[in-house]
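A structural walkthrough
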Amino acid sequence: MAAAGAGHVATKGVASLLLGGLYLFLYAPIAYVIYISVNKDLIWPFPPQFTLEAYELLANSSTYKDALWNSVLLGLGSAIICTFFATMGSISILKYRSRWRGLIAIVYLAPLFIADLLVGISSLLFNRQVLDLPGNMGSAMIANAVHGTSFAFLIMLAQLARYDWRLDDAAMVFGARPLRCFWEVTLPIIWPAMLGAFIISFILAFNNLEISFYNLGAIPTLPTIAWGSLRFGLSQSPELFALAALVNGAVLLAFTVMYLLMRYRIVSFGHRD
Amino acid sequence: MSELVLELQNVTKRFGTVTAVDRISLAVTRREFFALLGPSGSGKTTMLRIIAGLEVPDEGKVLINGRDVTALPPYARGVGMVFQNFLLFPHKTVAENVIFPLRMQGASKADQAERLKWALELLRLDGLGDRYPHQLSGGQQQRVALARGLISRPALLLLDEPLANLDRELRKEMEVEVRRYQVELGIPFIYVTHNQEEALTMSDRIAVMNHGRFEQVAPKLEVYTHPETRFVAGFVGHSNRMSGPLVSAGGNAHVSWNGTPIQVRRPDGVADGAEVDCFVKCEKMHLARPGEAGPAEAHNRIAGILRDIIFKGSTADYLIALDNGAELMVSETSEIMSLERGQRVDVVWPVSGSASFAAKKA
Amino acid sequence: MAYGPSTLRRRLGPEGRFLLMAVPGALFIVVFLLGPIVSIIVFSFWRTEVFNLIPDWNIDNYVILFTESTYIEFLKRSFVTAVLVSLACLIYSWPVAYFIAKHGDRYRLLLVLALAAPFFTGIILRIAGIQGVMGPVGIVNLALMNFGMQPIEFIMYTQTATGIGIAYLFVPFMVTAIYLSLLNFDFELLEVAKINGARPWRAFIEITWPLNWIGTVIGLVLVFVPSMAESITPRFLGGPNAASFGSVLSLQFGETGTWALGSAMGVVLFAVSSIVIFAMWRTVNLQRSGFTGKGS
């Protein structure tokens, strides 16, 4: 009994060490870029000499400003498509018992199992040769949305699994037309899921390199510019560190917001558990 | 002269190969408390959903106040409904939940406030208007669901096993209250349940449903005392079933039950030798000491040993192991006799307490 | 007009309404995912001439891919790297995911979101970060040299460095997949096994592992597929000469503009991934996986 208890504690200890190691592995590079971004010496910033030069460079660079705008546009466009399709798909799968459910779910999830690079190059050729579309914002939004819809769909499924669709029945019996019912009953309950799906698909498209690169033609986005800078070596481009620090900060902020929303959701609908 | 509120004409609904509702016709009048009683899967909830418009029937018509609403969606029918698990909107307060139907109808703010006050008072929910559903007890949630169903003065109120999730004490209390609201409001209630006690307590009329069809539609007392079909006899009340071939002897019909002849009323159109099920309600049977004279009309008398006594308060169930190897359950007032387990007793009952039907073909 | 919705309702059963809602998105994915895949399969049998695809049917592209040793070498290298990275992520992620699911209590969500978050920063910025930390002139090696020690050789422009970099990119998939699986796993089953005499390891092998095998398979596939196609990490962590199948593939669409050959490489990549996914899925026995068919 004592031996088993000790073994249990040891296993727990090892597992928590592994968990700590994983956080270190994942966050050390992030901490590093943030630290470098506010330092003068990019190679060996010890002892630290703090400066905001990198951020000034970034702020004054019109290339980065255009790229930022393009990335935001790409992210928004893609996220709107993703959230729309993911909402429709997840609701239909959870609400209706159809014999096509399995097939539809496979279709919605299929993009997860195809690499970005493959989506990028095949969409490039498909748009160009088959649809006769040049590489532009629209084609990049669509190609990114294919991937993002899967992620958004997964998030919606996980969040909506607990929604009781008979609430919609109740609303309809009490006189709510389908749109009114969605607006009054469904939406107020599922909006955190939709927001989560929107944020994730926005971030994915905003930061995507391999799909966007092949489908944007000559339009620069932050990842493509960053890729260009990275090829000349890290030490050559201080503004890259500033950018990385800002993007990391924004992503972490978005996740914090999502976390708080999920906590809030649990608090407000706790009666279901 | 009572006016017709709800009428179903030959309504049929199929799900794939299963016929959930099979050519059902029904008329419910104003001031009627109508119970749909049946085991789970009998089609009673589907029928309620058809009346509400949540399912569209494959065939037949639904009329409410004489108007054909078969093709109308639920939001255009003007019925109230109380759902199983209440289905209160979790993100709306009690008051918002209750006035929801009025808002959908576009009622004026003043009207909404007035009706809300009325509904909360009627259901003794005063002071709870600002609470959220998850802050309420089960009984309070139930009352909110009722208030929401009633507030718009619907043509009729549909109730789908509304008391199934309440504990026994609360259920007894709510049974009386629900009945009171129906009498006060004077609108028909269609009440779906699998619990026969609920149906018998509250309703005026009962439809017993099985496999999508009505087995019997009648005032509740009649359903209880004069079951029309084998299914109703077995389902309503607590009965003993005695099965065997039908034999005629001395002008009377008998069932040979494990070799013991039981005098029965001859079921219609059943020839001698056919298998027959005879049902006798537990409380229609009585106990007598061996040799002691039973009640005047004791057509049947079988000897056995008292196996167990299940005390239930004012009554008790007596389990008798008969000499023919079968068992019978007899309900009697608990103080009738000082009986002990293992004692020999006779079970006696009159033919009038029995109902016999041709057995289901195997 | 007033009868519009009701007549529609009569015609559309639940099945119809399901299709009305589900099909647009599915169609979108089929057109813009399957369409491109089918088109590169077609173009892989064409020819490229100065950035133009010529419908001149031939199998030369595949002949090149399967006869020139460099392509075979790249394919082998990418495959082996992807397999090893997937396995490493699997071994590391299981205890971590298990720990969060079992002992995370009310911090579970926070812990797992914190693991997923770095993934969303985008490949380029993440590679910039990891290169800065463990590249040849990264902070780790500089620190070692500063203290007069030898730099760690095996992470200086090596295949190992590439592997670590790829694992860095995709390990969040693995942890999340296993964690989500464990979240729906009833840990009380383990109590039952133990009461019936199973030791902890035995209980794990008999109960936990098989019931979470689907989640594990999904994690493996989600890591394997992008790892196999990875084209950027080798360049920045593997050194100037460390090309991968993915990086050579992307070259066909960049500098050289040999789209037909690139398409053929894409088809090979797709085929390898599909075979791996199919083979992994064959190991799943839905009846014995605790899968109920209900989206829980």
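Residues numbered from 1 in each chain as written. Chains lettered and ligands numbered in written order. Predicted model: local features only at pLDDT ≥ 70, side-chain atom pairs only at ≥ 80, totals over all residues.

**Comments concerning the overall build of chain A**
- Across its full length, chain A holds 11 helices and 0 strands.
- N-terminal to C-terminal, the α/β element order of chain A is α-α-α-α-α-α-α-α-α-α-α.
- With respect to the three principal axes, the spread of C-alpha positions in chain A is 70 × 70 × 30 Å.
- Split into buried and exposed, the 273 residues of chain A put 47% on the buried side.
- Put simply, 78% of the contacts in chain A that link residues at least 6 apart link residues at least 24 apart. (Helix = DSSP H or I, 4+ residues; strand = E, 2+ residues; numbered from the N terminus. Buried ≥ 20, exposed ≤ 12 C-beta atoms within 10 Å, placed from the backbone. Contact = placed C-beta atoms within 7 Å.)

**What to know about the domain arrangement of chain C**
Residue and element names in this part refer to chain C.
- Entries for chain C in the domain assignment read domain 1 (1-43) and domain 2 (61-282).
- One C-alpha centre belongs to domain 1, the other to domain 2, and the line joining them spans 35 Å.
- Across the boundary between the two partners, domain 1 contributes 4 residues, which contact 6 residues of domain 2. (Domains from an automatic or database assignment.)

**What to know about the packing of helix α6 (residues 137-160) of chain A against helix α2 (residues 14-43) of chain C**
- Remark: α6 of chain A packs on α2 of chain C, axes separated minimally by 10 Å, with the N-to-C direction vectors making an angle of 125°. When the interaxial angle is binned, α6 of chain A and α2 of chain C end up oblique. Between α6 of chain A and α2 of chain C lies a crossing of left-handed hand. Packed against α6 of chain A, whose contacting residues are I142, A143, V146 and T149 of chain A, the element α2 of chain C presents G25, I29, F32 and L33 of chain C at the interface. (Axes fitted to C-alpha atoms, helices over the stretch in contact; angles between N-to-C directions. Parallel < 35°, antiparallel > 145°, perpendicular 65-115°, else oblique. Left-handed = near helix turned anticlockwise from the far one by under 90°.)

**Quick word on the sheet that holds strand β9 (residues 205-210) of chain B**
Residue and element names in this part refer to chain B.
- Here 6 strands make up an open sheet; going across it, the order is β6-β7-β8-β3-β9-β10 and the pairing mixed. Here the strands that pair on one side only, and so sit at the sheet edges, are β6 (80-82) and β10 (213-219). Taken pair by pair, the neighbouring strands of this sheet meet at an average axis angle of 15°, ignoring direction.
- Two elements, β9 and β10, share 6 bridges in a ladder whose sense is antiparallel. Opposite R205, over in β10, you have P219 as the bridge partner.
- The sheet strands contacting helix α4 (residues 138-150) are β6 and β7 (157-160), and the helix crosses β6 at an angle near 165°. (Pairing = 2+ DSSP bridges.)

**Some details on the interface of chain A and chain C**
- Contacts between the two partners involve 76 residues from chain A and, on the opposite side, 74 residues from chain C.
- Contributions of two or more residues to the side of chain A that touches chain C are made by α1 (2-37), α3 (62-95), α4 (101-109), α5 (116-130), α6, α8 (178-207), α10 (222-231) and α11 (238-268) of chain A.
- Tallying contributions element by element places α1 of chain A first for the side of chain A that touches chain C, with 17 residues.

**Description of the environment of I124 of chain C**
- If you trace the backbone, I124 of chain C turns up in helix α6 (residues 123-134).
- With 108 residues separating them along the chain, I124 of chain C and I232 of chain C place their C-alpha atoms 8.1 Å apart.
- Discounting chain neighbours no more than four positions away, the residues touching I124 of chain C are L209, P223, A226, W227 and L230 of chain A.

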